[in-house]
Amino acid sequence: MIELIGSLLILAGAIFLFSAGVGILRMPDTFTRIQSGTKATTLGNMLVLAGLAFHHPGWTFKLILAIYFVLMTNPISSHALSRAAYRIRTPMTPTTGVDMLAEDEAGESGARPPSGSAGRRKRS
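Bear in mind that the values here come from a model prediction, so they are computed numbers and not experimental data.

## Some remarks on the UniProt feature "transmembrane region" (unreviewed entry) in the protein
With numbering matched to this structure, UniProt assigns "transmembrane region" (unreviewed entry) to residues 6–25 and 61–82. A helix fraction of 100% and a strand fraction of 0% characterise residues 6–25, whose end C-alpha atoms lie 29 Å from each other. The span residues 61–82 shows a helical share of 100% and a strand share of 0%, and its end C-alpha atoms are spaced 32 Å apart.

## Some points on a nonpolar patch on the surface
A contiguous nonpolar surface patch, about 810 Å² in accessible area, is contributed by Met1, Ile2, Leu4, Ile5, Leu8, Leu11, Ile15 and Phe54. The residue Ile5 is located in helix α1 (residues 2–26) in this model. Residue class for Ile5 comes out partly exposed when judged on its relative accessible area of 33%.

## Re helix α3 (residues 60–87)
The end-to-end C-alpha distance of α3, which contains 28 residues, comes to 41 Å, matching closely the 40 Å that a straight helix rising 1.5 Å per residue would cover. Among all positions in α3, only Leu63, Ile67, Val70, Asn74, Ser78, Ala85 and Tyr86 are buried. Looking one or two residues past α3, Arg89 carries a phi angle of roughly 60°, positive in sign.

## Structural notes on helix α2 (residues 30–55)
Owing to its 3.6 residues per turn, the α-helix aligns residues three or four sequence positions apart on the same side. Here α2 contains 26 residues, and its C-alpha end-to-end distance of 37 Å stays within 8% of the 38 Å for a straight helix at 1.5 Å per residue. Those residues of α2 lying buried are Phe31, Ile34, Ser36, Gly37, Thr38, Ala40, Thr42, Gly44, Leu47, Leu49, Gly51 and Ala53. As for α2, its buried residues are in contact with α1 and α3.

Calculation criteria
Residues numbered from 1 in each chain as written. Predicted model: local features only at pLDDT ≥ 70, side-chain atom pairs only at ≥ 80, totals over all residues. Heavy atoms only, no water. UniProt positions renumbered as here; feature names shortened; annotations may be inferred. Helix = DSSP H or I, 4+ residues; strand = E, 2+ residues; numbered from the N terminus. Patch = residues over 30% accessible without salt bridge, like charges linked within 9 Å, V, L, I, M, F, W, Y side chains within 5 Å. Areas by Shrake-Rupley, 256 points an atom, 1.4 Å probe, with all protein chains shown as cover. Salt bridge = Lys/Arg side-chain N within 4 Å of Asp/Glu carboxyl O. Buried < 20%, exposed > 50% of the residue type's maximum accessible area, 1.4 Å probe, protein only. Expected span 1.5 Å × (residues − 1). Contact = heavy atoms within 4.5 Å.

See the structure below:
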C-alpha cells in the first residue's frame, strides 16, 4: 500500500512536470512562460520527492531538505528572471491589461514608463 501511494505521488508529480513543459511551449510571452513553468515545476518536484520518501523511508530527512530548497529557490529565481526580463524591456503580450511595475517605477522616479510599454494600458 505504501508503494502504491509513493507511485501515485510520483505519477502526479510527473503530470505536473509535463504540464510545466506544455505551459512553456503554449504561453504567449516570457512572463507567462516563467510563471507557468515555476508554479508547475515547484509542485511537481515536491510530489516526486514526497513519492520517493514513501519508497525510501531512510531518505526522508534529505528529501524534506530538498523540498524546502525547491520551495525557497523556485519563487526567488522566477522573480529574478521576470524582473530581469522586464528591465531589458522584453515585450509583453498585447492582451496584458495592467502593468503595475511601470506604474510603480514611474511613481518613484517621476519619469514615464519604459519605452517598450506602448501597448500596455494603465489601470483605470
